[in-house]
Amino acid sequence: EQRSTRFMDIGFIGLGNMGQPMARRLIQAGHKLVVYDTRNDAVAPLVAMGAQLASSPADVADRVETVMASLPSLQISEKVTTGEGGVIHGKRIKRFIDLSTTGSRVAAKIAAALAKKNIVQIDSPVSGGVGGATKGTLAVMVSGPKAEIDLVKDALAVFGKVFVIGEKPGMAQTMKLANNFLSATAMAATSEAVAMGVKAGLDPAVMIDVINAGSGRTTASDGKFPQAILPRTFNYGFATALMLKDVRLCFDEAKALNVPSAVMNAVLDQWETTNAEYGGDSDFTAIVKMIEKRAGVIVGTEKKR
Ligand code: NAD
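All values reported here derive from a predicted model rather than from experimental measurement.

About the criteria used
Residues numbered from 1 in each chain as written. Predicted model: local features only at pLDDT ≥ 70, side-chain atom pairs only at ≥ 80, totals over all residues. Heavy atoms only, no water. Helix = DSSP H or I, 4+ residues; strand = E, 2+ residues; numbered from the N terminus. Rg over C-alpha atoms; globule rule 2.2 N^0.38 Å. Buried < 20%, exposed > 50% of the residue type's maximum accessible area, 1.4 Å probe, protein only. Contact = heavy atoms within 4.5 Å. Areas by Shrake-Rupley, 256 points an atom, 1.4 Å probe, with all protein chains shown as cover. Lys, Arg positive; Asp, Glu negative; His and termini not counted. Charge placed at Lys NZ, Arg CZ, Asp CG, Glu CD. Axes fitted to C-alpha atoms, helices over the stretch in contact; angles between N-to-C directions. Parallel < 35°, antiparallel > 145°, perpendicular 65-115°, else oblique. Left-handed = near helix turned anticlockwise from the far one by under 90°. Nonpolar A, V, L, I, M, F, W, Y, C, P; charged D, E, K, R; others polar. Near = heavy atom within 4 Å. Polar contact = N/O pair within 3.5 Å; in protein donor to acceptor, adjacent residues only side chain to side chain.

Trainee: Teacher, can you tell me more about the overall build of the protein here?
Mentor: Each helix and strand in the protein was counted, giving 13 helices and nine strands. Its C-alpha atoms give the protein a radius of gyration of 20 Å, within 12% of the compact-globule value 19 Å for 305 residues. Out of the 305 residues belonging to the protein, those deemed buried represent 52%. Expressed as a percentage of contacts within the protein between residues at least 6 apart in sequence, the contacts between residues at least 24 apart total 63%. Of the roughly 14300 Å² that the protein leaves accessible, carbon and sulfur atoms contribute 54%. A gap of 1 Å separates the mean positions of the 35 positive and 29 negative side-chain charges of the protein.

Structure, rendered in structure tokens:
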């Protein structure tokens, strides 16, 4: 049985923390890329690898049938897709694959607008962070028309494990929000738990080891704390503004569906405070500093100041 990888011409818009390593993996897998980002330093490394540089999202969509995007905010996603100079104005584009987290409402809105120009929207939010994007071990959640998904599945598999969630626009977004709410909750809760222990005299490194061997283990305790919090580098690679966006979208979605959201509300509050005090550009591990300030302790290997 022969299975040939289909090499595609792919447009890639938004080459930031996630888009950069994902685009690199596509090139390494043999696909031809046309790239665009508002920052020159974001496109330069890919151009050096052979990607073509486009001058706008519409220019990308003039050159290829398949366009992917990894963008930081809902407003920017709307602008890049349906705004002035957006992909909707491209002459060749047939499908738009959104790797960004936008929530199901914005995804459905963009899908409907693009459909008017016979452009198919495929939602494909991802989870697994910059590390997963670099290694190709992301969870890739896809929703859209089955035949279209089949066409791009091989290319998406370069990013990690592909999960087809459903046909309706936005379904993969709902999946992604459920996942990120849990990730956000683990960060907020682990921060409180470890701060409590440190204030009572426990060693935070020992706490994290115990939690990771026990039932409290999460991606916060086995990833973020040992990598970016205990060493106090606070550089995990995900912005506070993006975490806040995800939790807010999740809370809105639960409310719209009339599902209890008390935990979501409490977690949202913690991210709003972190965003207000450390700024949206701060790494999301800053939530620990927000808790430390109130607890009057420092969580980390150099715990006494
Ligand atoms: P980022 O801010 O690092 O990257 C976004 C990129 O988009 C930047 O390079 C920026 O210059 C570019 N950009 C901004 N406006 C633009 C425009 N008008 N046209 C073209 N490019 C533009 O963000 P990120 O961390 O890479 O996240 C991207 C998306 O992936 C977000 O939706 C985020 O929620 C999601 N996500 C991020 C992570 C993570 O760990 N960082 C994990 C999963 C999902």
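Trainee: Would you mind showing me how to read the packing of helix α8 (residues 171-199) against helix α10 (residues 219-229) here?
Mentor: Taken N-terminus to C-terminus, the directions of α8 and α10 make an angle of 65°; their axes are 9 Å apart at the nearest point. In terms of orientation, α8 and α10 fall into the roughly perpendicular class. Crossing angle aside, the handedness with which α8 passes α10 is right-handed. Contacts from S183, A186, M187, T190, S191 and V194 in α8 reach T219, A220, K224, F225 and I229 in α10. Per-class residue counts for the contact of α8 with α10 are six nonpolar, four polar and one charged.

Trainee: Is there a simple way to think about the side chain of T240 in this case?
Mentor: Its place among the elements puts T240 in helix α11 (residues 240-256). Owing to a relative accessible area of 0%, T240 belongs among the buried residues under this scheme. Aside from chain neighbours lying at most four places away, what touches T240 is W271, T274, N275, G279, G280, S282, D283, F284 and A286.

Trainee: Please explain the site of the ligand as it appears in this structure.
Mentor: Neighbouring the ligand are 25 residues; N17, M18, D37, R39 and L71 lie closest to it. Between the ligand and the protein, one listed contact pairs an oxygen atom with a side-chain N or O atom of D37 at 2.6 Å. Protein burial of the ligand: of its 830 Å² of free accessible surface, 89% is covered by the chains. Going through the elements one at a time, α4 (74-82), α6 (129-135) and α11 are the ones with two or more residues in the shell around the ligand. Across the shell around the ligand, the residue classes tally to 12 nonpolar, nine polar and four charged.

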